[in-house]
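Now for the letters of each chain:
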Amino acid sequence: MAETALATPPETKMDRGRTMSAAAEATRNLIVDPAIYADPDQLDAAFRKLRAEDPVAWCEPEGYRPFWALTKHADIMEVSRQNKLFTNGEREMLSYEDAEKGVYAQMGGPHLLKTLVQLDDPLHFKLRHLTQEWFMPQNVKKREDAIRQIAKKYVDRMEDLGGECDFQRDVALYYPLRVIMQILGVPESDEPMMLKLTQEIFGAQDEDLMRDKTLAQQQDVEKGLASINETLAEFFMYFTGITADRRAHPKDDVSTVIANGMVDGEPIGQLEAMSYYIIVAAAGHDTTSASTGGGVLGMLQNPSELKKMMDDPKAVSRTATDEAIRWTTPVKQFMRTAQEDYELRGRKILKGESLLLCYPSGNRDEDVFDDPYTFDISRSPNKLISFGHGGHMCLGMHLARLEMQAIYEELFSRLKSIELAGDPTFIKANFVGGPKSIPVRYKF
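Since this is a predicted model, take the numbers as computed values, not measurements.

Peer 1: What is the right way to read the overall build of the protein from this model?
Peer 2: Assigned secondary structure in the protein consists of 18 helices and 14 strands. For the protein, buried positions account for 55% of its 444 residues. Residue pairs at least 24 apart in sequence account for 74% of intrachain contacts in the protein once pairs closer than 6 positions are excluded.

Peer 1: For this particular structure, what's the right way to read helix α5 (residues 97-107)?
Peer 2: Given 3.6 residues per helical turn, the α-helix brings residues three or four places apart onto the same face. Taken together, the buried positions of α5 are occupied by E97, A99, E100, V103 and Y104. Projected down its long axis, α5 carries its buried residues within an arc of 160°, all on one side. Structural note: α5 exposes D98 and A105 on the side pointing more than 90 degrees away from its buried face. One or two steps after α5, the chain reaches G108, where phi turns positive at roughly 70°.

Peer 1: Quick question: what am I supposed to make of the pairing of strand β7 (residues 333-338) here?
Peer 2: On any regular strand, side chains alternate: one points to one face of the sheet, the next to the other face. With 6 of 6 residues buried, β7 lies mostly within the body of the structure. Summarising the sheet, strand β3 (residues 86-87) and β7 pair through 2 bridges and their orientation is antiparallel. When the sheet's bridge partners are listed, T87 is paired in β7 with T337.

Peer 1: Looking at this structure, I do not really get the packing of aromatic side chains. What am I missing?
Peer 2: Given two aromatic rings, their pairing is described by the distance between the two centres and the angle made by the two planes. Overall, the coordinates contain 12 aromatic pairs when judged by the stated rule. Measuring from centroid to centroid gives 6.3 Å for F334 and Y359, while their planes differ by 80°, and the two rings are edge-to-face. With F334 in strand β7 and Y359 in helix α17 (residues 359-362), this pair connects stretches of sequence that are 25 residues apart. Assessed through its relative accessible area of 16%, F334 is described here as buried. One aromatic cluster in this structure is built from F235, Y238, F239 and Y277. Stacked on the ring of Y373, the Lys or Arg R48 has its end atom at 5.0 Å from the ring centre. When the ring centre of F369 is taken as origin, the NZ or CZ atom of R326, which lies over that ring, is 5.2 Å away.

Peer 1: What am I meant to see in the sheet that holds strand β10 (residues 354-358) here?
Peer 2: Hydrogen bonds along the backbone pair up the strands of a sheet, which may run parallel or antiparallel. On the basis of which strands lie adjacent, the open sheet formed by 5 strands has the order β1-β2-β10-β7-β3 and mixed pairing. Each end of this open sheet is capped by a strand with a single partner; those strands are β1 (56-59) and β3. Its contacts with the sheet put helix α4 (residues 73-80) on β1, β2 (67-70), β3, β7 and β10, and the angle it makes with β10 is roughly 125°.

Peer 1: Got a minute to help me understand the confidence of the model for the protein in this structure?
Peer 2: Any segment with low pLDDT has predicted coordinates that should not be analysed in fine detail. Residues at a pLDDT of 70 or more form 89% of the protein, whose mean pLDDT is 89. When the criterion is pLDDT under 50, residues 1-17 qualifies, and its contacts beyond four places in sequence or with other chains add up to 35 contacts.

Peer 1: Please explain the packing of helix α8 (residues 144-160) against helix α10 (residues 175-184) as it appears in this structure.
Peer 2: To characterise two packed helices, one gives the angle between the axes of the helices and the distance between these axes. Packing of α8 against α10 brings their axes to within 9 Å, and their N-to-C directions diverge by 150°. As judged from the angle between their axes, α8 and α10 are roughly antiparallel. For the crossing formed where α8 meets α10, the hand is right-handed. Contact residues: α8 offers A146, I147, I150, A151, K153 and Y154, while α10 offers Y175, R178, V179 and Q182. Here the contact of α8 with α10 is built from residues that sort into 7 nonpolar, 1 polar and 2 charged.

Peer 1: How should the sheet that holds strand β11 (residues 417-420) be read in this particular structure?
Peer 2: Spatially, 3 strands are ordered β4-β14-β11 in an open sheet, and the strand pairing comes out antiparallel. The open sheet is flanked by β4 (164-166) and β11, the only strands paired with a single partner. Within the sheet, the average angular offset between the axes of one strand and its neighbour, ignoring direction, is 25°. Bridge count for β11 against strand β14 (residues 439-443) is 4 bridges, and the pairing is antiparallel.

Peer 1: Which parts of the structure should I look at to understand the pattern of salt bridges?
Peer 2: A pair can form between side chains of opposite charge whenever their charged atoms are brought close. According to the stated counting rule, one finds 31 salt bridges in the structure shown. Residues R414 and E410 are paired through a salt bridge, measuring 2.7 Å at the closest nitrogen-oxygen approach. Linking R414 with E410, this pair stays in helix α18 (residues 397-414), spanning 4 residues, or about one helical turn. Note that E419 and R441 form a salt bridge whose closest N and O atoms lie 3.1 Å from each other. Residue E419 is found in strand β11, and its partner R441 is found in strand β14; the two are separated by 22 residues along the sequence. With a relative accessible area of 41%, E419 lands in the partly exposed category. The class of R441 is partly exposed, set by a relative accessible area of 35%. Linked by salt bridges that have partners in common, K152, D156, E159, E410 and R414 make up one network.

The rules behind each value
- Residues numbered from 1 in each chain as written.
- Predicted model: local features only at pLDDT ≥ 70, side-chain atom pairs only at ≥ 80, totals over all residues.
- Heavy atoms only, no water.
- Helix = DSSP H or I, 4+ residues; strand = E, 2+ residues; numbered from the N terminus.
- Buried < 20%, exposed > 50% of the residue type's maximum accessible area, 1.4 Å probe, protein only.
- Contact = heavy atoms within 4.5 Å.
- Arc of directions from axis to C-beta.
- Pairing = 2+ DSSP bridges.
- Phe/Tyr/Trp six-rings, centres within 6.5 Å; stacked < 30°, edge-to-face > 60°.
- Lys NZ or Arg CZ within 6 Å of the ring centre and 35° of its normal.
- Axes fitted to C-alpha atoms, helices over the stretch in contact; angles between N-to-C directions.
- pLDDT = per-residue confidence, 0-100.
- Parallel < 35°, antiparallel > 145°, perpendicular 65-115°, else oblique.
- Left-handed = near helix turned anticlockwise from the far one by under 90°.
- Nonpolar A, V, L, I, M, F, W, Y, C, P; charged D, E, K, R; others polar.
- Salt bridge = Lys/Arg side-chain N within 4 Å of Asp/Glu carboxyl O.

Below, the structure written as structure tokens:
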């Protein structure tokens, strides 16, 4: 079914005369406006309204193809666990309709890349299996000493900054970047370029992070697509060189696994290989960076939780890590496409319609979490949905948890005090985002 769908450009509209509720109308701004995601209180209020009034909401925001917005934890889980019925291959995330058409014209299909995010089984499973062993708990555990050394390096750097810094920009941004680049086998000297490129992909809607700053003053889909293509071209050029090197000189790193990857007895394709490097480099950095900073911010804004952490970091670092990931929810949404008609909460979803999985809303669902708007580093159980569910559950979740535990233990075992030194800001992004700036004062 997916192959048939990919052969035809997306329809302009699928309006069958449905009446949209007031709550569904509100999702025009909630779901598609990147600025909403830079205002956590406004975002929470809007999602709360949707969960209460229209948890399976039909949305037709201007400039986008229609979709169903799912805001309840149970519904997101129900769709996520049925990977054959609800697929990724046709539409994996929110994107302007004109941009989708531009990608079709360029690629003959709906995607610029073929990462694990865009693929369905059986190819998804086969490609995921190539690196899955690297990210299993027992193998991540083998890297713990190296990760803790990197955590110490960045806490040392924070101490050297003399009592005031921007925690997000000076620490949380760089620490997970070094970890994932070490796993990929990218030299530290190339990290500034990698940081720039990953921010241009995930921060493409934020005026401070986008590649082409002129796009901040205008909505030019063609220029936006061209800007993303330029970023991807730089990635491709860099990792083409990495591939050649690892085929000639294999090393103990993930790049060697990708460069020499085989599926069904054949080397994986160039696009699949480049896409694999990019998703490991970008997703392996930005999401953990956002959650690391988001957790620290949550503690700074809740003194009782900060005290718990500083009193005994090792005792609470694991639950604090999960609460930070729930609280921040760095991946804001993914799409699925129904392969058959399906009924959800009395709404009939038709074959071919899109469903938006709203993870920040699922992580605030009152039916699942006690006091969901309270940041509680001792929260247990914590049924966070930030890593997804089913066959597309985050490949790097065990690594992310270990990274965050390591730096929280290192940082809070050494600090004597820490407080906000200004107002935090957040990235304007409706796909992947979190804190952009966390100014702090502190004493070691």
